[in-house]
Amino acid sequence: MVSKPRVLLGALVLLVLGGGMIALLVSLGADAFWVKTLPGVVMVGAAAFAQSLGFFNKAPKD
């Protein structure tokens, strides 16, 4: 079983990463396609990277 606080922390970090990416793209004046697409791609890539490191697989301490 996966630790719920670890998953919550990971989701929060991904949400902040996506929001920061949107703010950066808007401030740079990027097109709507990039503002809609790139944050999702970055969040999925970061989640896949965290999963490959085993961040979400560690069992909770009893």
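Residues numbered from 1 in each chain as written. Predicted model: local features only at pLDDT ≥ 70, side-chain atom pairs only at ≥ 80, totals over all residues. Heavy atoms only, no water.

A closer look at the overall build of the protein chain
As a reminder, the rule being used: Helix and strand definitions here come from DSSP, where helices need a minimum of 4 consecutive H or I residues and strands a minimum of 2 consecutive E residues; each element is numbered from the N-terminal end. In this setup the radius of gyration rests on C-alpha atoms only. A globule is expected at 2.2 Å times the number of residues raised to 0.38. The buried label goes to any residue with under 20% of its type's maximum accessible area, the exposed label to any with over 50%, and the partly exposed label to all in between, with areas taken from a 1.4 Å probe on protein chains only.
Scanning the protein chain for helices and strands turns up 2 helices and 0 strands. Its C-alpha radius of gyration of 14 Å places the protein chain more than 25% over the 11 Å reference for a compact globule of 62 residues. Along the longest, intermediate and shortest principal axes, the C-alpha atoms of the protein chain span 50 × 15 × 10 Å. In the protein chain, which comprises 62 residues, the proportion classed as buried is 18%.

Quick notes on the packing of aromatic side chains
Aromatic ring pairs: the centre-centre distance and the angle between the two ring planes describe each pair. This is how the line gets drawn: Planes of paired rings set the category: under 30 degrees apart is stacked, over 60 is edge-to-face and the rest tilted, where pairs are Phe, Tyr or Trp rings (Trp by its six-membered ring) whose centres lie within 6.5 Å.
In total, this model carries 1 aromatic pair according to the counting rule given. With 5.1 Å between their ring centres and 75 degrees between their planes, Phe33 and Trp34 make a pair best called edge-to-face.

Describing the environment of Ser52
As for its position among the elements, Ser52 is in helix α2 (residues 32-52). Taking the C-alpha atoms as reference points, Ser52 and Val26, 26 residues apart in sequence, are found 30 Å from one another.

Observations concerning helix α1 (residues 4-28)
The criterion, for reference: Helix span is expected to be 1.5 Å times the residue number reduced by one. Contact criterion: two residues are considered in contact whenever any of their non-hydrogen atoms come within 4.5 Å of each other.
Given a rise of 1.5 Å per residue, 25 residues ought to cover 36 Å, and the 36 Å separating the end C-alpha atoms of α1 matches this to within 8%. All of the buried residues along α1 are Gly10, Leu14, Gly18, Met21 and Leu25. In this structure, the buried residues of α1 make contact with α2. The positive-phi residue at the C-terminal boundary of α1 is Gly29, with phi of around 75 degrees.

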